[in-house]
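Architecture at a glance
Residues per chain are reported as follows:
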Amino acid sequence: MIILSAMSAPLDLTKVLEAAVVAAAKVQQPFSEKDVAMTLWQIDDNAVLDKAEFRGEESFITASVVKLFWLAFAAHEVNAGRIKKSEEFERAVRDMIVDSSNDATGYIVNATTGALPGPELAGKQLDDWNRKRQAANRWFKSLGYQNINVIHRTYNEGAYGRERQAFGKDLELRNRLTTNATVRMMTEIMQGKVVSPQQCEWMRARLSRNVPADDPKADGQSKYIGSALPSGSKLWSKAGWTSLNRHDVAAFKLPDGRMYVLAIFTNYGGNDKIVPTMAKMVVDQLQ
């Protein structure tokens, strides 16, 4: 364990994030600060010990990071007794989180909301369908989450019929998250607070990943924030990427036992170096 002397100043997490933004600008040209956001919390098993953010309340298109929220909502529905963990349900959850399968996400959205895909609807039928699809949003709002929209599954090519209607005419109703909300969600899963401790343990088991420093065969999602972690660290994460975005959220425990939750969102979908570069700057300063 690292022991700080009496003369050591506490680490300023805000400056840690600001340095990561500077690092991002070196691997992305042109670069705009408006196209990145970060939130970093230091936590233990029960509390948030320190926190910082860089544009943490800015709303971003979610990519597959939204699957973390669908995982939490699925756990809530299980906890409430409305869903049972069948073999097929478990397979879909595993594929949604471990492999980031869009088809598996569709299964979970259908199972948890009952708002099934199909042809266009109108009038009361569309209103009733939208009310069902808003179930996750209502739950997150009841928990105090703000400035987010969790309504859609993720797609390989795009939505059709009533699911396309739910996006709005100009796609203004897409899934959206902030790094602050995403770090809060991961923290509450790690601390066993968002639903029952038993269901949080079940979620953590699916989010757990090998650290590339210890396993050269670690999966692709481990190589975002996880690529910056030293040997002996532990990692739980969910990444997301599209042609427009590169995102990751990770809880990680360093070898000395300190634990952090970090979310990095960027609008630079074509740059596979930007998130690892920013993460490395953060982790290097934490050690």
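What you see is a predicted model, and the numbers here were worked out from it, not measured in a lab.

1. Quick word on the environment of Asp-12
- Position of Asp-12 relative to the elements: it lies in the segment before helix 1 (13–27).
- We classify Asp-12 as partly exposed; its relative accessible area is 35%.
- Between the C-alpha atoms of Asp-12 and Gly-118, which are 106 residues apart in sequence, the distance is 51 Å.
- A polar side-chain atom of Asp-12 sits 3.0 Å from the main-chain amide nitrogen of Thr-14.

2. A word on the sheet that holds strand 6 (residues 234–241)
- Read from one edge to the other, the open sheet built from six strands follows the order 2-1-8-7-6-5, with strand pairing classed as antiparallel. Looking at strand neighbours, the two that pair on one side only are strand 2 (48–54) and strand 5 (208–209), the edges of this open sheet.
- Where strand 1 (residues 36–43) and strand 2 come together, six bridges link them in antiparallel fashion. Its bridge partner lying in strand 2, Trp-41 is registered against Lys-51.
- Those strands touched by helix 10 (residues 274–286) are strand 1, strand 7 (246–253) and strand 8 (259–266), and its axis lies near 150 degrees from that of strand 8.

3. Focus on the pattern of salt bridges
- All chains considered together, the criterion is met by 13 salt bridges.
- Close ionic contact of Arg-206 with Glu-90 constitutes a salt bridge, the shortest N to O distance being 3.3 Å. Of this pair, Arg-206 sits in helix 9 (residues 197–207) while Glu-90 sits in helix 3 (residues 87–98), placing them 116 residues apart in sequence.
- Under the relative-accessibility criterion, Arg-206 is labelled buried at 19%.
- Through salt bridges with shared partners, a single ionic network connects Arg-94, Asp-95 and Asp-99.

4. Re the environment of Ser-227
- Within the secondary structure, Ser-227 sits in the loop between strand 5 and strand 6.
- The class of Ser-227 is partly exposed, set by a relative accessible area of 36%.
- Distance from Ser-227 to Pro-276, taken between C-alpha atoms, is 6.3 Å for residues 49 residues apart in sequence.
- Apart from the residues within four sequence positions on either side, Ser-227 is in contact with Pro-212, Ser-222 and Pro-276.

5. Description of helix 5 (residues 123–133)
- Within the span of helix 5, buried status applies to Leu-126, Trp-129 and Arg-133. Seen end-on, helix 5 carries its buried residues on one side only, within an arc spanning 65 degrees. Opposite the packed face of helix 5, turned more than 90 degrees from it, sit the exposed residues Lys-124 and Asp-127.
- In this fold, the buried residues of helix 5 make contact with helix 4 (102–113), helix 6 (135–142) and helix 7 (162–165).

6. Considering the packing of aromatic side chains
- Per the stated rule, a full pass over the model turns up twelve aromatic pairs.
- Relative to Phe-265, the ring of Phe-60 lies with its centre 5.8 Å away and its plane at 70 degrees, an arrangement referred to as edge-to-face. On the criterion of sequence distance, the pair formed by Phe-60 in strand 3 (residues 60–61) and Phe-265 in strand 8 is long-range, its members being 205 residues apart.
- Between the aromatic rings of Tyr-224 and Trp-241, the centroid separation amounts to 5.6 Å while the plane-to-plane angle is 15 degrees, which identifies the pairing as stacked. With Tyr-224 in the loop between strand 5 and strand 6 and Trp-241 in strand 6, the pair connects residues that are 17 residues apart, well separated along the chain.
- Under the relative-accessibility criterion, Tyr-224 is labelled buried at 8%.
- Among the aromatic residues, those joined into a ring-pair cluster are Phe-69, Trp-70, Phe-73, Trp-139, Phe-140 and Tyr-145.
- Cation over ring: Arg-184 sits above Tyr-145, and NZ or CZ is 3.9 Å from the ring centre.

7. Details of unusual backbone geometry
- Of note, the bond from Gln-29 into Pro-30 is cis; its omega dihedral lies within 30 degrees of zero at -5 degrees.
- Positive phi values are uncommon outside glycine, yet Arg-55 reaches one of about 55 degrees.
- Here Arg-55 lies in the loop between strand 2 and strand 3.
- Owing to a relative accessible area of 25%, Arg-55 belongs among the partly exposed residues under this scheme.
- Even without a glycine there, the phi angle at Asn-147 is positive, about 60 degrees.

8. Some thoughts on the nonpolar core
- Counting residues in each nonpolar core, the largest one holds 51 residues, and the members touching the most others are Phe-69, Phe-140, Val-150, Met-185 and Met-203.
- Among the elements that make up this core, the one with the highest residue count is helix 2 (residues 66–79) (ten residues).
- Judged by nonpolar contacts, the second largest core, of 32 residues, contains Val-21, Ile-225, Leu-229 and Val-275.

What counts, and at which threshold
- Residues numbered from 1 in each chain as written.
- Predicted model: local features only at pLDDT ≥ 70, side-chain atom pairs only at ≥ 80, totals over all residues.
- Heavy atoms only, no water.
- Helix = DSSP H or I, 4+ residues; strand = E, 2+ residues; numbered from the N terminus.
- Buried < 20%, exposed > 50% of the residue type's maximum accessible area, 1.4 Å probe, protein only.
- Polar contact = N/O pair within 3.5 Å; in protein donor to acceptor, adjacent residues only side chain to side chain.
- Pairing = 2+ DSSP bridges.
- Contact = heavy atoms within 4.5 Å.
- Axes fitted to C-alpha atoms, helices over the stretch in contact; angles between N-to-C directions.
- Salt bridge = Lys/Arg side-chain N within 4 Å of Asp/Glu carboxyl O.
- Arc of directions from axis to C-beta.
- Phe/Tyr/Trp six-rings, centres within 6.5 Å; stacked < 30°, edge-to-face > 60°.
- Lys NZ or Arg CZ within 6 Å of the ring centre and 35° of its normal.
- Core = buried A, V, L, I, M, F, W, Y, C linked by side-chain atoms within 4.5 Å.

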